[in-house]
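# Working through the structure, step by step
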Amino acid sequence: MTPKNAIVNKNRLVILQQYPIDGRGVKKLAQAGYAWLEANRQSVNALNVFPVPDGDTGTNMVLTMQAAMEEIKNSPEQKAGKILEILAQGALMGARGNSGVILSQLWRGFARSVDGKENVDSQDLAKAFVEARDTAYKGVVRPVEGTILTVAKDMAAAAEAAVKEGADPITLLERVLQAADESVQHTPELLPILKEAGVVDSGGKGLFFLLEGMMRWVQGQQLHTAEGTVQPLAALNLENSMESIEAGQDYEVIVDFRPSKPLDLQQFYGDLEKMGTSIQVGEGEGMYRMHIHVPTEKRYEPIDYTMTLGTITNVAMENLMAQMDALSQKTHGFKLKPVEPGEIAVVAVAPGAGIARHFAELGAAAIVEGGQSMNPSTADILSSFENLPTDKVIVLPNNKNIAMAAKASAELTVKKVRVIPSNSVPQGLASMLRLDPKGDLDQVAEEMTKATKQVQTGEVTTATRNVEIDGVKVKIGQLIGLHNGKLVTSAADFEKGCLKLLKKIGLENYEIITLFYGQDVRPEMAEEIAAAIRKAYPKQEIETHEGGQPHYQFIFAIE
Amino acid sequence: MTEDNAPLGSIQVSPRAIATIAYQAAVESYGVVGLASKNLFNGLTNLIVKDPTHGIEINYVDQAINIDLYIVVEYGTNIKTVAANVAKTVRFHVEKALGLPIQEVNVHVQGLRVNAKD
């Protein structure tokens, strides 16, 4: 921190301590609370005890606050009471999930209590916390203790006690924050399901972060990255540690241990920072888990160091470079677009790596591999979008059989899911072109559905048995051509099969055709077929891509 | 009755049993401050009924189970979110208890409870 910052922060603290909080102060505090909650969103989500209908508490509370902050951002209002009123209104309109609704109730009570006031002093604050609590409790027939309601109750009690001591607004907020922290830590004692899962209440923790953000702003601390503090084991983000591999870090080392005396976290972090990067520390039942990336020559250092602190119960070491190579082979290096909170995320089912890459390039947020049998389970689809930071999801099954599983996944989540009736990969790709991540979910879904009808799908594959369908006789081993899923042609070899199919579809009436060749097809053969098509249809444009799909040797997207 | 025909007999779950599960889930849902009879206009007496399934209707259409909830919501909350949440919560708990999928869960907001302060 530069000396200039230090002076500004000291002034801020002094002013806030001496005077009641005005409209500007309220805005800043709310903004700070929101920013810090956003930064810690993932660790709040990780506290959700599965399976519970209120999906991601962190995301829900962030979205609720986002709506509230949008309203006051554009408001010219100066009075504290008015700003809080607008904030509460915004929270009400944007309330998501159970936790969002309760949060909106808390703001509503808080704002109502200071209605009309220009500034808020300690007395006002205490009354506001009390009314926030009362309003929140009123919203449910059977309030459950050990939840955000209990935390709100303990916060109100601390505020009242602080006023009795004559505390200034900032000291009052500090007391409230401390009470919130203790209350959150205590929730497992009140709610057995939390104790069993080894977590604290997620909603309560979210509320704590809101308050902590405010105090961090007062103290001039950063608000954009969650601190390296101990998280519950469940919150350790170890799967994603692959993304932050830096040059020189060759090994991932994870050590579980029981410290022989209370751990000095600052010291622990400091010592680990000298060895490597991507440090995470999680706390479980009387034990800690330490995760770190280190260069090869230092790979045993974290283990030796931790041994000096207590008893090691488990060690895991993984060669990161080897992991990376295996992973990049698997994913063929496609990068998925990260989802902005609140925007529409598209999940596409892809039968092959090349096709997956296309969906990724067009903006898909998640890919579900179809697998050999093109039969991903409902759970596979659900897990692909459950942890995305948005509640607006569009699913492209790209296969008639998968539509059911997709619809079922929609039922198992609190997120808003729209399943587009895309029955083939070309239909899915065509609909991706209509994706507007910032748009209204239903409107975008409608547009995407319309788009699926505007592309013709051709598929060529080998017949696995003798059959006659729709007047077409097919012998086992012959090539069959399908137009929009319907069997229309049969032929002796691939070239004839493709040309016959395209003739049947009436390729001369279309302009662009995209060919995806499957995993059993040699690129040379695909080029030969493409050349043959070009010769037969010189006016049309044809593009060839590696699709990597099983079973269907050729998939044509025709528009 | 919803049936599950096990080899040595059949398992039947009564609508009343389903309604009881749905009721418990609904009253725990945030924003729901009461369940009301479909015919709220009949008067206050309907609110005081001690029926554990009051305000819940279970209907069967062929093999599909449909649930209708008639709720009273706390004024000042986001009604749409509260309704969506209670639908999800009821569906989750009923499906978990029954082991059978529910076709429709319909939420009817019969009224809002307003406090003296509003």
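Position numbers for residues start from 1 in each chain and track the written sequence from start to end. The naming scheme follows written order: chains are lettered A onward, ligands numbered 1 onward. Reporting of local features is limited, given that this is a predicted model, to residues whose pLDDT is at least 70; pairs of side-chain atoms are given and counted only at 80 or more, and all residues count toward the totals for whole chains, interfaces and linings.

## A few points about the confidence of the model for chain A
Predicted coordinates in regions of low pLDDT should not be interpreted in detail. All names here are of chain A. Our working definition: Each residue carries a pLDDT score, the predictor's confidence in it, ranging from 0 to 100. Counting from the N terminus, the helices are DSSP H or I runs at least four residues long and the strands are E runs at least two residues long. Here contacts are defined at the residue level, using C-beta atoms placed from the backbone and a cut-off of 7 Å between them.
Per-residue pLDDT for chain A has a mean of 85; in total, 90% of the residues score no lower than 70. Ranking the elements of chain A by mean pLDDT puts strand β1 (residues 231–232) last with 56 and helix α8 (residues 148–164) first with 97. Every residue in residues 239–244 scores below 50 in pLDDT, and together they form six contacts with partners more than four places removed in sequence or on other chains.

## So, the environment of A:M214
Residues and elements named next belong to chain A. Counted only if it meets this: Neighbour density around each residue's C-beta defines its exposure: 20 or more other C-beta atoms within 10 Å make it buried, 12 or fewer make it exposed, and counts between make it partly exposed, where C-beta atoms are placed from the backbone.
Looking at where M214 falls in the secondary structure, it is placed in helix α11 (residues 202–219). On the basis of neighbour count, M214 is assigned to the buried category, with 24 C-beta atoms found within 10 Å. For the pair M214 and K28, spaced 186 residues apart in sequence, the C-alpha separation works out to 8.2 Å. When near neighbours in sequence (up to four residues on either side) are disregarded, M214 contacts L29, A32, G33 and L173.

## Re the pairing of strand β2 (residues 251–259) of chain A
All names here are of chain A. The condition that has to hold: Criterion used throughout: strands pair if DSSP finds at least two bridges between them.
Direction of pairing for β2 relative to strand β4 (residues 288–294): antiparallel, over a ladder of seven bridges. Opposite I254, over in β4, you have H291 as the bridge partner. The pairing of β2 with strand β5 (residues 310–319) spans nine bridges and is antiparallel. Counted as the bridge partner of R258 is T311 from β5.

## Some words on the sheet that holds strand β6 (residues 344–350) of chain A
Residue and element names in this part refer to chain A. Our working definition: Every axis corresponds to a line fitted to the C-alpha atoms, with the helix fit spanning only the stretch in contact, and the corresponding angles, defined between N-to-C directions, vary from 0 to 180 degrees.
Spatially, four strands are ordered β7-β6-β8-β9 in an open sheet, and the strand pairing comes out parallel. Two strands bound the open sheet, and with one partner strand each, they are β7 (366–369) and β9 (416–419). In this sheet, adjacent strand axes meet at a mean angle of 20 degrees when their direction is disregarded. Of the strand pairs in this sheet, β6 and strand β8 (residues 392–396) are connected by five bridges, and their pairing is parallel. Note on β8: the bridge partner recorded for A348 is L396.

## Some points on the interface of chain B and chain A
This is how the line gets drawn: Charged residues are taken to be Asp, Glu, Lys and Arg, nonpolar residues to be Ala, Val, Leu, Ile, Met, Phe, Trp, Tyr, Cys and Pro, and polar residues to be all remaining types, Gly included.
Tallying the contact residues gives 19 residues for chain B and 20 residues for chain A. Elements that contribute at least two residues to the side of chain B that touches chain A include exactly α1 (15–28), β3 (32–35) and α2 (79–98) of chain B. If one sorts the elements of the side of chain B that touches chain A by residue count, α2(B) sits on top with six residues. Of the residues that constitute the side of chain B that touches chain A, the class distribution is six nonpolar, nine polar and four charged.

## Considering the sheet that holds strand β16 (residues 541–546) of chain A
Residue and element names in this part refer to chain A. Taken in spatial order, the six strands make up an open sheet running β14-β13-β10-β17-β15-β16, and their pairing is mixed. On the outer flanks of this sheet lie β14 (486–491) and β16, each paired with one strand and no other. In this sheet, neighbouring strand axes are inclined to one another by 20 degrees on average, regardless of whether the strands run parallel or antiparallel. The pairing of strand β13 (residues 479–483) with β14 spans five bridges and is classified as antiparallel. In the sheet register, L482 faces β14, and the bridge partner there is L487. On top of the sheet, helix α18 (residues 425–432) reaches β10 (456–462), β15 (512–517) and β17 (552–558); it is set at about 40 degrees to β17, its chief contact. Against the sheet, helix α20 (residues 494–505) touches β10, β13, β14 and β17, its axis set at about 25 degrees to β13.

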